[in-house]
Amino acid sequence: MTKIQTECSSLPAAILRPSQLPKKDRGNGASTVPLVTADVGSTTFLNGITTFAPGAAIGHHSHNCIESVMVIEGTAYVDIDGTEYFLETYETTFVPANIVHRFRNASDTEEMKIFWTYASIDATRTMAGSTERHRIDEERATEAAGAGEN
């Protein structure tokens, strides 16, 4: 990450290079690179990239805030509130708070990547069928085993 001092803000600007940032193993063939977080200086949103191995899927879950996801590589299926939709590269979702959803790679041979944004620095994830909430910015692979990202 490159921090850039500016004249107009007490916060530095930043250039984030995903290939140079730590990757979190989310389990079930998914891994995440957090990008804009509180560590960078964000006070209002979080974003990052999650990569899904061929055929990988994550568990149904919801968030306490709005989430938007763009497929940036490959194709995906998204299940939003019990209905599944096919997504191609650059197609984007808008999921309101507390709506159960999940993503899965539509390909059995190619990786799929999503770019996600949460509309709160305090975003949480609750797995469907559970009342246990975890902050997105504090999740670890052991918490996500069998669950996953986004």
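Cut-off values and rules
- Residues numbered from 1 in each chain as written.
- Predicted model: local features only at pLDDT ≥ 70, side-chain atom pairs only at ≥ 80, totals over all residues.
- Heavy atoms only, no water.
- Phe/Tyr/Trp six-rings, centres within 6.5 Å; stacked < 30°, edge-to-face > 60°.
- Buried < 20%, exposed > 50% of the residue type's maximum accessible area, 1.4 Å probe, protein only.
- Core = buried A, V, L, I, M, F, W, Y, C linked by side-chain atoms within 4.5 Å.
- Helix = DSSP H or I, 4+ residues; strand = E, 2+ residues; numbered from the N terminus.
- Pairing = 2+ DSSP bridges.
- Axes fitted to C-alpha atoms, helices over the stretch in contact; angles between N-to-C directions.
- Polar contact = N/O pair within 3.5 Å; in protein donor to acceptor, adjacent residues only side chain to side chain.
- Contact = heavy atoms within 4.5 Å.
- pLDDT = per-residue confidence, 0-100.

A.B. asks: In this structure, what is going on with the packing of aromatic side chains? I would like to understand it.
C.D. replies: Two aromatic rings, taken as a pair, are described by how far apart their centres are and by the angle between their planes. Taken as a whole and judged by the stated rule, the model has two aromatic pairs. The interplanar angle of 65 degrees and the centroid separation of 5.5 Å between the aromatic rings of Tyr77 and Phe86 together place this pair among those described as edge-to-face. A relative accessible area of 40% places Phe86 in the partly exposed class. Seen from their ring centres, Trp116 and Tyr118 are 5.1 Å apart, and the 50 degrees between their planes marks the pair as tilted.

A.B. asks: When you look at the nonpolar core in this model, what are you seeing that I'm missing?
C.D. replies: Note that soluble globular proteins tend to have their nonpolar side chains buried in a common cluster. In this structure, Leu46, Phe52, Phe103, Ile114, Trp116 and Tyr118 are the most contacted members of the largest nonpolar core, which totals 19 residues. Contributions of two or more residues to this core are made by strand E5 (46-52), strand E7 (67-73), strand E8 (76-80) and strand E12 (112-118). Considering every element that reaches this core, the biggest residue donor is E12, with four residues.

A.B. asks: So what exactly am I meant to see when it comes to unusual backbone geometry here?
C.D. replies: Leaving glycine out, the prevailing phi sign among residues is negative, and the prevailing peptide bond configuration is trans. Residues other than glycine seldom take positive phi values, yet Asn28 does so here, at roughly 55 degrees. Phi at Asn98 takes a positive value of approximately 70 degrees, unusual for a residue other than glycine.

A.B. asks: Is there a simple way to think about the pairing of strand E11 (residues 101-105) in this case?
C.D. replies: A regular strand places its side chains on the two faces of the sheet in alternate fashion. Here E11 shows a clear split, with His101, Phe103 and Asn105 buried on one side and none of Arg102 and Arg104 buried on the other. Summarising the sheet, E8 and E11 pair through five bridges and their orientation is antiparallel. Bridging across to E11, Ala76 finds its partner in Asn105.

A.B. asks: Looking at this model, I keep getting lost on the sheet that holds E12. Mind explaining?
C.D. replies: Remark on secondary structure: sheet strands pair via backbone hydrogen bonds, oriented parallel or antiparallel. Read across the sheet, six strands follow the order E3-E4-E5-E12-E7-E10 without closing on themselves; strand pairing throughout is antiparallel. At either end of the open sheet lies a strand with only one pairing partner, and these are strand E3 (24-27) and strand E10 (92-95). Across this sheet, the average inter-strand angle for adjacent strands is 25 degrees, counted without regard to direction. Note that E7 and E12 share six bridges and pair antiparallel. Bridge assignment links Glu67 to a residue of E12, and that residue is Tyr118.

A.B. asks: Is there a simple way to think about the side chain of Asn47 in this case?
C.D. replies: Looking at where Asn47 falls in the secondary structure, it is placed in strand E5. In terms of polar contacts, Asn47 uses its side chain to reach the backbone amide nitrogen of Val36, at 3.0 Å. The contacts of Asn47, once residues within four sequence positions are left out, are Pro34, Leu35, Val36, Phe115, Trp116 and Thr117.

A.B. asks: Please explain the confidence of the model for the protein as it appears in this structure.
C.D. replies: Should the pLDDT be low somewhere, the predicted coordinates at that spot are not to be read in detail. Mean pLDDT over the protein: 90, with 92% of residues reaching 70 or higher. Residue range residues 141-149 is modelled with pLDDT below 50. Its contacts to residues more than four positions away, or to other chains, number 24 contacts.

A.B. asks: What's the story with the pairing of strand E4 (residues 30-34) in this structure? I'm lost.
C.D. replies: When you tally the buried positions in E4, you get four out of five residues, the bulk of the element. Here E3 folds back onto E4, and the loop between the two strands holds two residues, one of which, Asn28, carries a positive phi near 55 degrees. Note that E4 and E5 share five bridges and pair antiparallel. In the strand pairing of E5, Val33 is matched with Ile49.

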